[in-house]
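Analysis of the macromolecular model
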Amino acid sequence: MGLHDAWEKMMSDPEYDVVVVGAGNAAFCAALAAQENGARVLVLERAPTEEAGGNSRYTAGAIRFAHEGLDDLKTVVDLTDEEIGNADFGTYTTDQFYDDLFRLTQFRSDPELSEMLVTKSLETVQWMRTKGIKFQPSYGRQAFKVDGKFKFWGGLCVETWGGGEGLIELETKAALERGIEILYETRAILLLYDHEKVHGVTVKHKGKVRDIHAKAVILAAGGFESNAEMRTRYLGPGWEMAKVRGTRFNTGDGINMALSIGAMSHGNWSGCHAVGWDMNAPEFGDLSVGDNFQKHSYPLGVMLNADGERFVDEGADFRNYTYAKYGREILNQPGMMAWQIFDQKVTDRLRDEYRIRRVTKVTANTLEELVVKLEGVDPDKALETLKAYNDAVDTATPFNPAVLDGRGTTGLALPKSNWANTLDEPPYEAYGITCGITFTFGGLRIDANGAVVDTEQMPIPGLYAAGELVGGLFYFNYPGGTGLMSGAIFGKLAGGAAGAAVTGS
Ligand SMILES: Cc1cc2nc3c(=O)[nH]c(=O)nc-3n(C[C@H](O)[C@H](O)[C@H](O)COP(=O)(O)OP(=O)(O)OC[C@H]3O[C@@H](n4cnc5c(N)ncnc54)[C@H](O)[C@@H]3O)c2cc1C
């Protein structure tokens, strides 16, 4: 059915049980759960099909869930005997998941939401699998080969099949197969609200405005990361200059629509997930590059700012536990940029994203030659910093990237705590980065049914929310792979509750 036909059909019969705003992972999980509970469901996607799927489509599909080892993993991923023999997947217990979440969010994460996130993670990936979503081991990004065996690290060992593209493709298929309707290029602009209950949404499609009535609306329209004005207002001065890693369509619509009818805000409104991102990347994400503008191998090297100084402990922890907060550190540096530097001891271990064509990279055979090629950087100070760093490396402790190896520096005011290697095997490689924002942490407050609550903390009848626009889970930092997991869990929760409420099931 063409887009226009879909619109006409929908307009001739505009009565749905549940309307879901957005077509990313949280939205599809909500739609599938509502449908499973007997609801007639419509999904509204603001983007055209070529750009549909939100940030979820830009991901590599890394998904964090608690598991007790192989027996649990085999309920999610098909593994051959050979794969089992060649890998050490380890375990990631609910206790470890809690520890990571609370440690990284400085114990601010909402207790009710975090309990759901951790305890429902395994059952939710299993549920996704029943809907036709496929998963695979994350060999490329989350494992290092140690003694011939893949050793997974960082609490993450599984990704969605085909990454974000594969996830959205299979979720779209699963929705359509179950009779869920999807309307693209259709933006929700207002909630239909009579001061007691939400009755649907007003939408805009190709310049035309219409009301769509529904017994429940689920907002899954992402955060406000693609809205420069809101970024600056809430995250602070300078954030209008950050590059957006993902979709250009997450401009805070869902949050704003809900706040305008009295919804309660929640969470770390001045916080966000932001990473090191190629300094010449475009203003918004580019699906042909996906997440490959990111430069996540900094734990293997050092980073210098424009003053020629290091500014973070590159080896403070596994990449999964530092990358989401280091974007802000880069934004705070002079010129909002930095260079990552590696030598040949580690270049073969750099992630695939370092080998793309659209990369800001310089190489040199000596450190003296390298520092003058680092555009925008004070070369003399840079050389001094690199030499002082080389002198401080504890070479007696063996290097092992699969564990926190404790091979650090001694005597530096700003240490590098793990994976410190001297820079002395040319050619040297340096990569220019700036801050890329992924998603915002502040959002709406939901209750234990996924319903949006008002400022009296009472559920707003007929209104639910899931995904990035739910506040309260993440503060300051974020454990990698949790965005997809939380979208799935709270999408399923909201869809299940909305479906059951409207169908009486
Ligand atoms: C480059 C990149 C890599 C990432 N990698 C990972 C990873 O590996 N693992 C992980 O867990 N997380 C990752 N994340 C984070 C993850 O993408 C998000 O946390 C998660 O996908 C959010 O899901 P969502 O459904 O809430 O939002 P989205 O997937 O962004 O979906 C929001 C949807 O709402 C639509 N929309 C917005 N406004 C309206 C409106 N008014 N009307 C109708 N539709 C509207 C958008 O078009 C979009 O379809 C990554 C993010 C990026 C950008």
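Up top you'll find the structure we're talking about.
Here's a quick rundown of the structure. Per-chain numbering applies: the sequence of each chain, read as written, is numbered from 1 onward. Only residues with pLDDT of at least 70 are given local features in this predicted model, and only at 80 or more are side-chain atom pairs given and counted; all residues enter the totals for whole chains, interfaces and linings. In computing side-chain properties, one takes all heavy atoms of the structure into account and sets aside hydrogens as well as water.

Examining the pairing of strand 16 (residues 337–342)
Keep this limit in mind: Classification of residues uses two cut-offs on accessible area relative to the type maximum, computed with a 1.4 Å probe and protein chains only: under 20% is buried, over 50% is exposed, and between them is partly exposed. Here a helix means four or more residues in a row that DSSP labels H or I, a strand means two or more in a row labelled E, and each is numbered from the N terminus. Strands are treated as partners if at least two bridges between them are detected by DSSP.
Within strand 16, six of the six residues are buried, which leaves it mostly tucked inside the rest of the structure. Here strand 16 shows two buried faces, one formed by M337, W339 and I341 and the other by A338, Q340 and F342. Inspection of the sheet shows strand 15 (residues 302–304) paired to strand 16 by three bridges, in the antiparallel sense. If you follow M303 over to strand 16, its bridge partner there is Q340. Of the pairings in the sheet, the one linking strand 16 to strand 18 (residues 428–440) comprises six bridges and is antiparallel in character. Residue pairing across strands places I341 opposite A430, the latter belonging to strand 18.

Brief notes about the packing of helix 8 (residues 121–130) against helix 16 (residues 482–503)
The condition is simple: An axis is simply a line fitted to the C-alpha atoms; with a helix, the fit covers only the stretch in contact. Between two such axes, the angle follows the N-to-C directions and lies from 0 to 180 degrees. Note on terminology: angles under 35 degrees are roughly parallel, angles over 145 are roughly antiparallel, angles of 65 to 115 are roughly perpendicular, and the others are oblique. Whether two residues are in contact is decided by their heavy atoms: any pair within 4.5 Å suffices. Put simply, Ala, Val, Leu, Ile, Met, Phe, Trp, Tyr, Cys and Pro go in the nonpolar bin, Asp, Glu, Lys and Arg in the charged bin, and everything else, Gly too, in the polar bin.
Taken N-terminus to C-terminus, the directions of helix 8 and helix 16 make an angle of 80°; their axes are 10 Å apart at the nearest point. Looking at the two axes, helix 8 sits roughly perpendicular to helix 16. Residues S121, T124, V125, W127 and M128 of helix 8 form the contact with helix 16, whose participating residues are M485, A488, I489 and K492. Grouping the constituent residues of the contact of helix 8 with helix 16 by class yields six nonpolar, two polar and one charged.

A look at the site of the ligand
Selection rule: Here a residue counts as near a molecule or strand whenever at least one of its heavy atoms sits within 4 Å of it. Nitrogen and oxygen atoms within 3.5 Å of one another constitute a polar contact, given that in protein one can donate a hydrogen and the other can accept it, and given that sequence-neighbouring residues count only through two side-chain atoms. Only the protein chains shown count as cover for residues, and all accessible areas are computed by the Shrake-Rupley method using a 1.4 Å probe.
By nearness alone, 39 residues border the ligand, and E45, N55, S56, N250 and D253 come closest of all. Within the backbone of A188, one N or O atom sits 3.0 Å away from a nitrogen atom of the ligand. L484 places a main-chain nitrogen or oxygen 2.8 Å from an oxygen atom of the ligand. Summarising the interface, the protein chains cover 97% of the accessible area of the ligand, which totals 1000 Å² for the free molecule. Looking at the shell around the ligand, the elements with two or more residues in it are helix 2 (25–36), helix 3 (54–58), strand 9 (186–193), strand 18 and helix 16.

Here we look at the side chain of H266
Inspection of the secondary structure puts H266 in strand 13 (residues 265–266). Among the polar contacts listed, one links the side chain of H266 to the side chain of R445, at a separation of 3.2 Å. Setting aside residues no more than four positions away along its own chain, H266 makes contact with D110, G442, G443, L444, R445, G471, G472 and Y475.

Quick word on the layout of surface pockets
Rules: Points on a 1 Å grid over protein atoms alone make up a cavity when a 1.4 Å probe fits among them but cannot get out, and a pocket when they form an open set with protein on both sides within 12 Å along at least five of seven lines; lining residues each have an atom within 4 Å of a point. Grid points are joined across faces, edges and corners, and a volume is the space filled by probe spheres set on the points.
Here the largest pocket is characterised by a volume of approximately 420 Å³. Around the largest pocket, the lining comprises 21 residues; the ones closest to its centre are G140, R141, F144, R349 and R351. Elements represented by at least two residues in the lining of the largest pocket include exactly helix 9 (139–142) and strand 5 (143–146). The dominant element in the lining of the largest pocket, judged by the number of residues it contributes, is helix 9, at three residues. Its residues assigned to classes, the lining of the largest pocket shows ten nonpolar, four polar and seven charged. Approximately 270 Å³ is the volume attributed to the second largest pocket. Around the second largest pocket, the lining comprises 19 residues; the ones closest to its centre are T91, F152, W153, G154 and G155. Elements with a contribution of two residues or more to the lining of the second largest pocket: helix 6 (94–104) and strand 6 (149–152).

Points about the packing of helix 2 against helix 16
For any two helices packed against each other, one specifies the inter-axial angle together with the distance between the axes. Using the following cut-off: In this scheme the crossing of two helices becomes right-handed for a clockwise turn of the near helix relative to the far one and left-handed for an anticlockwise turn of less than a right angle.
The contact between helix 2 and helix 16 brings their axes to 7 Å, and the two run at 30°. Taken together, helix 2 and helix 16 sit at an angle that is classed as roughly parallel. Of the two possible hands of crossing, helix 2 and helix 16 adopt the one that is right-handed. Every residue of helix 16 that contacts helix 2 at N25, A26, C29, A30, A33 and A34 is listed here: L484, G487, A488, G491, K492, G495, G496 and G499. Among the residues making up the contact of helix 2 with helix 16, the classes are represented as seven nonpolar, six polar and one charged.

Overview of the pattern of salt bridges
Put simply, the rule is: Put simply, a salt bridge is a Lys or Arg side-chain nitrogen that is within 4 Å of an Asp or Glu carboxyl oxygen.
Counted according to the given criterion, the structure contains 26 salt bridges. When the shortest N-O distance is used, the salt bridge between E165 and R57 registers 3.1 Å. With E165 in helix 10 (residues 163–177) and R57 in helix 3, this pair connects stretches of sequence that are 108 residues apart. Given a relative accessible area of 15%, R57 falls into the buried group. A salt bridge links R355 to D352; the shortest N-O distance between them is 3.4 Å. For the pair R355 and D352, a shared accessibility class is recorded, and that class is exposed. By sharing partners, the salt bridges in this structure join R64, D100, R103 and D317 into a single network.

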